[in-house]
Amino acid sequence: MPESNEGIARQNADDQPRALPVRLVLWPAARPDFQAVRDIVLEAEALGANAALITGGRGALEPLTVVGALAPLTVRIGLLAEVDAAETHPYTAARRLAALDHISGGRIGWSLTGAREPGRIRDYVDAVHALWDSWDDDAHRFDKRSGVYIDTDRIAAADHAGPFYRVAGPLDIPRPPQGRLPRVGDDSTVDVSFSEWIGVVADPTAWRKLRARFEPGVADTAGRPPRTLRRELGLSDIPPQYSNRLAAAPNP
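Computed from a prediction, not measured in an experiment: that's the story for all the values here.

Let's talk about the pattern of salt bridges
A side chain with one charge may pair with a side chain of the opposite charge, provided their charged atoms come close.
Right, so step 1: Enumeration according to the criterion identifies 12 salt bridges in this entry.
Right, so step 2: A salt bridge links D39 to R38; the shortest N-O distance between them is 3.1 Å.
Right, so step 3: Residue class for R38 comes out partly exposed when judged on its relative accessible area of 26%.
Right, so step 4: With a closest N to O distance of 3.4 Å, E232 and R227 form a salt bridge.

Here is the structure:
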């Protein structure tokens, strides 16, 4: 993450009025105020913003919880949560992010803080990916005729053993709709960098000042069906996960 909440906003301080969509980073206000965060995100979505990252920090509301509350209130905007590697185990992050992706219809992403060493960052991300990939995409069958709810042959242990994290797995919920959720940040392993994101304190006054710089009603999203966050960010889709465990299994 950038080192201060002014780092992103300063890049755009002298910009002329511009059209949305934009990608927002919501920094915590002096006092936690979910209603302010909710109102900002809902207005940003109505204007056509395509992503909002909820950050944490001292005194802030926990980002994954905030995103969970925002998911059913929004329709199109991508919602990203900052995950603190020092406080959140990869299994917990993988599970909660996957659940939110299911709830939102594939509109969830994440950023990672609390791990500065490149090796630790990579190991954390690899552990999360291994957990998401522990389910094949067709493992959840819902086949009433055969009585098969989950095809356990298409679920396997993650068995991640890295230099910093060891995770056996598998995850206890299906793979997220996006396969692997997009990650934003400022290191070399991210899917999207912070170069085009605009920071604002999650405070009504700060939002009004930023909001005034945007042309109203330019990004008309009415009538456009929701898209996954990966597509909103211009990323390619993740191929379905098929481990071919059934094909590799010996014949009885």
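Picking up where we left off.
With respect to the sheet that holds strand β5 (residues 108–113)
Each strand in a sheet pairs with its neighbour through backbone hydrogen bonds, running either in the same direction (parallel) or in the opposite one (antiparallel).
Right, so step 1: Across the sheet, five strands lie side by side as β5-β4-β3-β2-β12; this open sheet has parallel pairing. With partners counted over all chains shown, the strands left at the sheet margins are β5 and β12 (197–201), one partner each. Within this sheet the neighbouring strands show an average axis-to-axis angle of 25°, counted without direction.
Right, so step 2: One ladder, built from four bridges, connects strand β3 (residues 51–54) with strand β4 (residues 78–84); its direction is parallel. Residue pairing across strands places A52 opposite L79, the latter belonging to β4.
Right, so step 3: Against the sheet, helix α2 (residues 34–47) contacts β2 (23–27), β3, β4 and β12, and its axis sits at roughly 175° relative to β2.
Right, so step 4: Contacts from helix α4 (residues 90–104) reach β4 and β5 within the one sheet, and its direction differs from that of β5 by about 155°.

Re the packing of helix α3 (residues 63–70) against α4
Right, so step 1: Two elements in contact, α3 and α4, have axes separated by 10 Å at closest approach and are oriented at 15°. With respect to α4, the element α3 is oriented roughly parallel. Relative to α4, the crossing made by α3 is left-handed. Taking contact as the criterion, the partners of L64, T65, V67 and G68 in α3 are, on α4, R96, L97 and L100.

What about the nonpolar core?
Right, so step 1: One finds L26, L97, W110, Y124 and W132 to be the most contacted residues of the largest nonpolar core, which totals 50 residues.
Right, so step 2: Of all the elements, helix α5 (residues 118–132) adds the most residues to this core, at seven residues.
Right, so step 3: Excluding residues within four positions of it along the chain, L97 makes contact with L64, V83, I108, G109, W110, W132 and L181.
Right, so step 4: Core analysis: the second largest hydrophobic core is formed by 12 residues, V25, V192, F194 and W197 among them.

Quick look at unusual backbone geometry
Right, so step 1: Residue P170 is bonded to the preceding G169 through a cis peptide linkage, with omega at 5°.
Right, so step 2: In this fold, P170 is placed in the loop between β9 (166–167) and β10 (184–185).
Right, so step 3: For D159, which is not glycine, the phi dihedral falls at a positive 50°.
Right, so step 4: Mapping D159 onto the fold places it in the loop between β7 (148–150) and β8 (160–161).
Right, so step 5: The exposure class of D159 is exposed, given its relative accessible area of 61%.

As for the pairing of β4
Right, so step 1: Burial of β4 is extensive: six of the seven residues sit out of reach of the surface.
Right, so step 2: Taken together, β3, α3 and β4 form a β-α-β motif whose crossover is right-handed.
Right, so step 3: Summarising the sheet, β4 and β5 pair through six bridges and their orientation is parallel. Bridge pairing in β5 links L80 to G109.
Right, so step 4: With respect to chirality, the unit in which β4 leads through α4 into the neighbouring parallel β5 is right-handed.

Notes on the pairing of β2
Right, so step 1: When you tally the buried positions in β2, you get five out of five residues, the bulk of the element.
Right, so step 2: Along β2, one buried face is formed by R23, V25 and W27 and the opposite face, lined by L24 and L26, is buried too.
Right, so step 3: Pairing analysis gives four bridges linking β2 to β3, with the strands arranged parallel. Paired with L26 across the strands is I54, a residue of β3.
Right, so step 4: The β-α-β motif built from β2, the intervening α2 and the parallel element β3 has right-handed crossover chirality.
Right, so step 5: Here β2 pairs with β12 via five bridges, running parallel. The residue of β12 that forms the bridge with R23 is W197.

Cut-off values and rules
- Residues numbered from 1 in each chain as written.
- Predicted model: local features only at pLDDT ≥ 70, side-chain atom pairs only at ≥ 80, totals over all residues.
- Heavy atoms only, no water.
- Salt bridge = Lys/Arg side-chain N within 4 Å of Asp/Glu carboxyl O.
- Buried < 20%, exposed > 50% of the residue type's maximum accessible area, 1.4 Å probe, protein only.
- Pairing = 2+ DSSP bridges.
- Helix = DSSP H or I, 4+ residues; strand = E, 2+ residues; numbered from the N terminus.
- Axes fitted to C-alpha atoms, helices over the stretch in contact; angles between N-to-C directions.
- Contact = heavy atoms within 4.5 Å.
- Parallel < 35°, antiparallel > 145°, perpendicular 65-115°, else oblique.
- Left-handed = near helix turned anticlockwise from the far one by under 90°.
- Core = buried A, V, L, I, M, F, W, Y, C linked by side-chain atoms within 4.5 Å.
- Right-handed = clockwise from strand over helix to strand, strands pointing away.

Limitation: the analysis is restricted to geometry and does not speak to function.
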